[in-house]
Amino acid sequence: MGLKTPLYDSHVAAHAKIIDFGGWDMPLHYGSQIEEHHAVRRDAGLFDVSHMCAIDLTGARTRAFLRHLLADDVARLAVPGRALYSCMLLPSGGVIDDLIAYFLTDSWFRLVVNAGTRAKDLSWIRKHAAAFGVDVRERSDLAILAVQGPNARVKTAALLSAVHRGAALGIQRFAAAAVDSWFLARTGYTGEDGFEIMLPGTQAPETWRALVAQGVRPAGLGARDTLRLEAGMNLYGNDMDETRHPLESGLAWTVAFDPAERDFIGRDALVRARAHGGALLVGLVLEERGVLRTHQAVSTAAADGSVGGPLGEVTSGTFSPTLNRAIALARLEPPPGGRMPQPGARVLVDIRGNKQAARVVKPPFVRNGKPLIEIQ
Amino acid sequence: MSEQVPQDLQYTKSHEWVRSLPNGQVEVGITDHAQSALGDLVFVEVPQVDRKLAAGEACAVVESVKAASDVYSPVAGRVAARNEELSQKPELLNSDPYGAGWLMRIELDAKTPAAALLGAGEYQQFLKESE
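Rules behind the numbers
- Residues numbered from 1 in each chain as written.
- Chains lettered and ligands numbered in written order.
- Predicted model: local features only at pLDDT ≥ 70, side-chain atom pairs only at ≥ 80, totals over all residues.
- Helix = DSSP H or I, 4+ residues; strand = E, 2+ residues; numbered from the N terminus.
- Rg over C-alpha atoms; globule rule 2.2 N^0.38 Å.
- Buried ≥ 20, exposed ≤ 12 C-beta atoms within 10 Å, placed from the backbone.
- Contact = placed C-beta atoms within 7 Å.
- Arc of directions from axis to C-beta.
- Nonpolar A, V, L, I, M, F, W, Y, C, P; charged D, E, K, R; others polar.
- Pairing = 2+ DSSP bridges.
- Axes fitted to C-alpha atoms, helices over the stretch in contact; angles between N-to-C directions.
- Parallel < 35°, antiparallel > 145°, perpendicular 65-115°, else oblique.
- Left-handed = near helix turned anticlockwise from the far one by under 90°.
- Domains from an automatic or database assignment.
- Core = buried A, V, L, I, M, F, W, Y, C linked by C-beta atoms within 7 Å.

Here the focus is the overall build of chain B. A tally of regular secondary structure across chain B gives 3 helices and 9 strands. Across chain B, helices and strands are ordered from the amino to the carboxyl terminus as β-β-β-α-β-β-β-β-β-α-β-α. Rg of the C-alpha trace for chain B: 14 Å, near the compact-globule value of 14 Å for 131 residues, within the 12% margin. Along the three orthogonal principal directions, the C-alpha set of chain B runs to about 40 × 35 × 25 Å. The buried share among the 131 residues of chain B stands at 44%. When contacts within chain B are restricted to residue pairs at least 6 apart in sequence, long-range pairs at least 24 apart make up 64% of them.

Spelled out as structure tokens, the structure:
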């Protein structure tokens, strides 16, 4: 028996297939994960992500603390409610976790971190918060619902009174606001517009039912994984971990090297890594039928189509329901004396002993319901 | 949700089903339990016609979004036909595992003794025990 969110009974009642996910009993799907995936791309889907951990940081020096703790710079957050995606690094540059930081007031930020890393994240944050006099509070009283899809915001706002509805629909992309008893964020992990709703766990089952009554379709972790991979978003533990730094995990855009005097944990290691070059995370699209999976080996294709040298491996692979083709993120290193395969290049992936051709692409694969990759 | 185990078929512990056809061949597929455990099927690879199979030999692959799984031939024989429709519609394995989702038909090898297969009751019991 694992940990249960306040919505566990709702999942069971909806015939969810329950699996263990980082110690939590979570819904994998409610019948068909592909149908759930399409519902999010075309209309609106509903995810229970209460296993993720909201952490409130309070104190006069909270901003200074986060400028030290995170690889991206919360100084960028000027307007209350704005959010920032960032990695939290070891001094080695390895990724402890990726998270979203919401700027609420000058003395209050909220972080949302992954479920599987909750314990180590909290102990790391507490260890470094002390010197800044920042109070760290785990908000396990909150449930988190993600409502995602082109119609997600309107269907969510329909649950609110007229006054609150206007406020909800006025929230900018990648920002959040307190609306009624909700903390409402226009963020997500699907590549679609939508909300993440943080609310008291006791209210979660009723809100779940009301969203379903609006025609929002419950979707499980299976669809969540295919949606995030189509959106080119990393999964912690697959696409990065403590042995890999953001620059080799497709996350260079989340590292703020400027201003140079900002002393964040991992900075020195990243400055060295940046000068050295090395592995990169790229997208792959399989040219034939089949499914790409984690840890499949990727190699260069010689001119005659035979296998060349090793390049790396798939870090996340799946079947893309939108493209009807297998896609992957893969960490590749340029072969000795050779060049890194560029978008458009053909590589070979070892799928259970068969070498199958895949094309290197630049993620994301799908955004806002539209394929961004041409299928040949 | 209860999984279907039709009475008129035979089964293996690796979750294949076997149907005896009037022409003496057998039709083979994966069970309702197997498709349900795998989730949405997105890719199916079935053996070439005329390929000779030993009983227990890995001969087909079914891949769901979640995982790839081998299918083992329940009997010894020669592949007489394969379900060509599955290459475009792998979801037939989910929607109709005992019908339109069949994988292949096998002409039994007369020289090999009949394989030991489970009856419907035995397979149901096996599912219950492995829960």
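In this section: helix 3 (residues 62-69) of chain A. Residue and element names in this part refer to chain A. Here helix 3 has its buried residues at Thr62, Phe65, Leu66 and Leu69. Down the axis of helix 3, the buried side of the element spans an arc of 95°, and every buried residue falls inside it. Packing partners of the buried residues in helix 3 comprise strand 4 (53-58), strand 5 (83-89), strand 6 (95-105), strand 7 (108-113) and helix 4 (118-129).

This next bit is on the interface of chain B and chain A. Taken together, the contacts link 9 residues of chain B with 13 residues of chain A. A breakdown of the residues in the side of chain B that touches chain A according to their chemical character gives 5 nonpolar, 1 polar and 3 charged.

Residues and elements named next belong to chain A. Extensive coverage of strand 6 is indicated by the burial of 10 of its 11 residues. Two strands pair when backbone bridges link them, and strand 5 and strand 6 are joined in this way by 7 bridges, in the antiparallel orientation. Residue pairing for strand 6: Leu84 is matched across the bridge by Ala101. The loop that links strand 5 with its antiparallel partner strand 6 comprises 5 residues; one of these, Gly93, has a positive phi angle of about 95°.

The next thing to look at is the packing of helix 2 (residues 33-42) of chain A against helix 8 (residues 221-230) of chain A. Geometry of a packed helix pair, given as the angle between the helix axes and the separation of the axes. Residues and elements named next belong to chain A. Close contact between helix 2 and helix 8 brings their axes to 8 Å; oriented N to C, the two are set at 55°. Judged by the angle between their axes, helix 2 and helix 8 are oblique. In terms of crossing hand, the pair formed by helix 2 and helix 8 is right-handed. Contact residues: helix 2 offers Gln33, Glu36, His37 and Val40, while helix 8 offers Gly222, Ala223, Thr226 and Leu227. In the contact of helix 2 with helix 8, the residues fall into 3 nonpolar, 4 polar and 1 charged.

Residue and element names in this part refer to chain A. Residue position: Lys17 is located in strand 1 (residues 17-21). Here Lys17 falls in the partly exposed class, since 18 other C-beta atoms lie within 10 Å of it. When near neighbours in sequence (up to four residues on either side) are disregarded, Lys17 contacts Pro27, Leu28 and His29.

We now examine the domain arrangement of chain A. Residues and elements named next belong to chain A. One can read the domain layout of chain A as domain 1 (1-230) and domain 2 (278-371). With 13 residues of domain 1 at the contact, the number on the domain 2 side is 13 residues. For the side of domain 1 that touches domain 2, the elements supplying multiple residues, two or more each, are helix 2 and helix 8. Per-element tally for the side of domain 1 that touches domain 2: the top contributor is helix 2, with 5 residues.

Strand pairing in a sheet is mediated by backbone hydrogen bonds. Such pairs are either parallel or antiparallel. Residue and element names in this part refer to chain A. One open sheet holds the 5 strands; their spatial order is 5-6-7-4-8, and the pairing between them is antiparallel. If you trace the sheet from one side to the other, it starts and ends with strand 5 and strand 8 (135-138), each paired once. Between one strand and the next, the sheet's axes are offset by a mean angle of 30°, whatever the strand orientation. Bridge analysis of strand 4 against strand 7 gives 6 bridges, and the strand direction is antiparallel. Along strand 7, the bridge assignment pairs Cys53 with Val113.

In this section: the pairing of strand 19 (residues 354-361) of chain A. Sheet topology note: the strand 14 (residues 280-286) of chain A/strand 19 of chain A ladder contains 4 bridges and is antiparallel. The residue of strand 19 of chain A that forms the bridge with Gly283(A) is Val361(A).

With that settled, consider the nonpolar core. Residues and elements named next belong to chain A. Grouped together as the largest cluster of nonpolar side chains are 76 residues, with contacts concentrated most on Ala101, Tyr102, Ile144, Leu145, Val147, Leu184 and Ile197. For this core, the leading source of residues is strand 6, giving 8 residues. Here Val147 is in contact with Ala44, Leu46, Ala152, Lys155, Thr156, Gly194, Phe195, Ile197, Leu211 and Val216, once residues within four sequence places are set aside.

Here we take up the sheet that holds strand 9 (residues 104-108) of chain B. Residue and element names in this part refer to chain B. Spatially, 6 strands are ordered 1-2-3-9-8-5 in an open sheet, and the strand pairing comes out antiparallel. Two strands lie at the open edges of the sheet, namely strand 1 (10-11) and strand 5 (52-53), each paired on one side alone. Both strand 8 (residues 77-82) and strand 9 contribute to a ladder of 5 bridges, which runs antiparallel. Residue Val79 lies in a different strand from strand 9, and its bridge partner there is Ile106.

For the rest of this paragraph, the subject is unusual backbone geometry. All names here are of chain A. Following Asp258, the chain continues to Pro259 via a peptide bond in cis, the omega torsion being 0°. Relative to the helices and strands, Pro259 is located in the loop between helix 8 and helix 9 (267-276). Each neighbour pair has its own omega, and for Pro363 with Pro364 the value is 0°, a cis peptide bond. In this fold, Pro364 is placed in the loop between strand 19 and strand 20 (366-367). Despite not being glycine, Asp180 shows a phi value in the positive range, around 55°. Within the secondary structure layout, Asp180 lies in the loop between strand 10 (176-179) and strand 11 (182-185).

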